Amino acid sequence: MSIRFDNRVAIVTGAGGGLGRAYALELARRGAKVVVNDLGGARDGTGHSDAALKVVEEIREAGGEAMSNGGSVTEYEQMEAMVAQAKEKWGGVHILINNAGVLRDKSFAKMAPEDFEFVVDVHLNGSANCTKAVWETMREQNYGRILMTASSTGLFGNFGQANYGAAKLGLAGLTKTLYLEGAKYNIKVNTLAPVAGTRMTEDIFPEAAFKLFTPESVAPAALYLVSEDAPSNAIVGAGAGVFQAAYVTLTPGVRLQGDELTPEGVADHWGEITDRTGEIVPQSGGEQAQTIFAKLQDG
Ligand code: NAI
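The following paragraphs examine the structure supplied in this document. Here the structure is a predicted model, which is why all the values come from computation and not from measurement.

Even without a glycine there, the phi angle at asparagine 186 is positive, about 55 degrees. Here asparagine 186 shows up in the loop between helix 6 (162–182) and strand 6 (187–195). Among the residues examined, asparagine 186 registers a relative accessible area of 27% and is labelled partly exposed. In the Ramachandran plot, asparagine 233 falls in the positive-phi region, its phi being about 70 degrees despite a non-glycine side chain. Structurally, the position occupied by asparagine 233 is in the loop between helix 8 (219–225) and strand 7 (235–239). By relative accessible area, asparagine 233 is classed as buried at 12%.

Turning to the packing of helix 1 (residues 18–29) against helix 2 (residues 51–61), a few remarks are in order. Working note: a packed helix pair is described by the angle between its axes plus the distance between those axes. Closest axis-to-axis distance for the helix 1/helix 2 pair is 10 Å, and the angle between their directions is 25 degrees. Judged by the angle between their axes, helix 1 and helix 2 are roughly parallel. Between helix 1 and helix 2 lies a crossing of right-handed hand. Only Val55, Glu58 and Ile59 of helix 2 make contact with helix 1, whose side of the interface consists of Arg21, Ala24, Leu25 and Ala28. Along the lines of polarity and charge, the residues of the contact of helix 1 with helix 2 split into five nonpolar, no polar and two charged.

Before going further, it helps to spend a moment on the side chain of histidine 123. You can see histidine 123 is positioned in helix 4 (residues 113–141). Within the structure, histidine 123 has its side chain in polar contact with the side chain of lysine 168 (distance 3.0 Å). With residues near it in sequence (within four places) discarded, histidine 123 still touches Ala100, Gly101, Val102, Tyr164, Ala167, Lys168 and Leu171.

Another aspect to go through is the layout of surface pockets. Size it by volume and the largest pocket reaches roughly 990 Å³. In terms of lining, the largest pocket is formed by 48 residues, of which the most central are Gly101, Val102, Tyr164, Thr198 and Met200. Counting only elements with at least two residues in the lining of the largest pocket, the list comes to helix 1, helix 4, helix 5 (152–156), helix 6 and strand 6.

With four bridges joining them, strand 7 and strand 8 (residues 242–245) adopt antiparallel strand pairing. Looking at the pairing, glycine 239 lines up with valine 242 of strand 8. Following strand 7, the chain reverses through two residues before pairing antiparallel with strand 8; alanine 240 in that reversal takes a positive phi of roughly 55 degrees.

Further remarks concern the sheet that holds strand 4 (residues 95–98). Taken together, the eight strands give an open sheet; going across it, the order is 3-2-1-4-5-6-7-8, and neighbouring strands pair in mixed fashion. If you trace the sheet from one side to the other, it starts and ends with strand 3 (65–69) and strand 8, each paired once. Averaged over all pairs of adjacent strands, the angle between strand axes in this sheet comes to 20 degrees, irrespective of strand direction. With four bridges joining them, strand 1 (residues 9–12) and strand 2 (residues 33–37) adopt parallel strand pairing. Within strand 2, the position partnered with valine 9 by the bridge is lysine 33. In the packing of helix 2 onto the sheet, the strands contacted are strand 2 and strand 3, and the crossing angle to strand 3 comes to about 175 degrees. With respect to the sheet, helix 6 is in contact with strand 5 (144–149), strand 6 and strand 7, its orientation differing from that of strand 6 by roughly 160 degrees.

This part takes up the environment of proline 113. Checked against the element boundaries, proline 113 lands in helix 4. Sequence-wise, proline 113 and glutamine 283 are 170 residues apart; in three dimensions their C-alpha atoms are separated by 34 Å.

Relative to the elements of secondary structure, serine 227 occurs in the loop between helix 8 and strand 7. With residues up to four places along the chain from it excluded, the contact list for serine 227 reads Ile3, Phe5, Tyr143 and Arg145.

Close to the ligand lie 29 residues; Asp38, Asn99, Tyr164, Ala196 and Thr198 are nearest. Between the ligand and leucine 19 there is a distance of 2.8 Å, counted from an oxygen atom to a backbone nitrogen or oxygen. Within the contact set of the ligand, an oxygen atom lies 2.5 Å away from a side-chain nitrogen or oxygen of tyrosine 164. Here the ligand is seated within the largest pocket. Residue composition of the shell around the ligand, by class: 12 nonpolar, 14 polar and three charged.

Conventions and cut-offs
- Residues numbered from 1 in each chain as written.
- Predicted model: local features only at pLDDT ≥ 70, side-chain atom pairs only at ≥ 80, totals over all residues.
- Heavy atoms only, no water.
- Helix = DSSP H or I, 4+ residues; strand = E, 2+ residues; numbered from the N terminus.
- Buried < 20%, exposed > 50% of the residue type's maximum accessible area, 1.4 Å probe, protein only.
- Axes fitted to C-alpha atoms, helices over the stretch in contact; angles between N-to-C directions.
- Parallel < 35°, antiparallel > 145°, perpendicular 65-115°, else oblique.
- Left-handed = near helix turned anticlockwise from the far one by under 90°.
- Contact = heavy atoms within 4.5 Å.
- Nonpolar A, V, L, I, M, F, W, Y, C, P; charged D, E, K, R; others polar.
- Polar contact = N/O pair within 3.5 Å; in protein donor to acceptor, adjacent residues only side chain to side chain.
- 1 Å grid on protein atoms, 1.4 Å probe; cavity = no way out; pocket = protein on both sides within 12 Å on 5 of 7 lines; lining within 4 Å.
- Points joined across faces, edges and corners; volume = space filled by probe spheres on them.
- Pairing = 2+ DSSP bridges.
- Near = heavy atom within 4 Å.
- Sits in = over half its atoms within 2 Å of the grid points.

Okay, here's the thing in structure tokens:
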């Protein structure tokens, strides 16, 4: 069955280039009306350009419907205005792909506090701003599909990207609570960790990898995760046509009592505490407490 987005209105932030552009083009090709948001700045977030407008032109030339938006995800009022404009023109907003991003890489030792704050502001607060701006509309519509863009750095770490990694894992965390709050309203929220050759990775990707790691080979995951039958609360990795799932798991662990309820007891049982046999994937924070109660009852 083909996945279509007819009569759906989608906002893709940071869609003036790279991955966001690929998502916007494919959504439009499959029938969505697309708001192409992009501030059009440089990779470090400075400056402006009409990047969004160019993608809108591409979509229109291919017969699709799109509008451009040059607002910054860091400005809540601008995101509210963007949503209002989309609703006025097309009657709703059904899909939000939080994709806008910047880099200010440096080892933590050399990273200025402002560079930490700025990167967290664009990725984490920016995604929260856009999501907040569409949230009420999606609740009222009883329909919403939201995708957060994380990164392998956030999930697993990367030297020189403390600011970026903190923001990116924060986005997986945002997904985990919003999927719970949105469930009743048919709002599904997922996280994507892409790997693609874009200007963001041009320094680290060898030339040959650019041919394999195309934004177009990530787009199928993004589109599935915002489609009608999307799952919710998934963390998906995608690059060069390879698709994976990542999980936050919890081991069964051990209960320590008496003389063992000490740092030495933790040290002595470290092997059992970290033994992954029988680990679970909790679907909410409360499940951790439940597993603790279960262990207490076991004696
Ligand atoms: P990109 O630099 O081509 O795209 C990011 C876009 O966001 C740019 O067009 C930029 O102008 C826009 N943007 C930046 N600040 C903005 C703001 N305040 N408001 C609105 N737009 C803003 O890079 P790429 O690779 O396409 O990145 C897309 C997303 O994927 C980012 O969130 C990035 O962190 C993430 N990502 C990319 C990976 C890769 O391998 N390319 C790996 C992991 C994550």
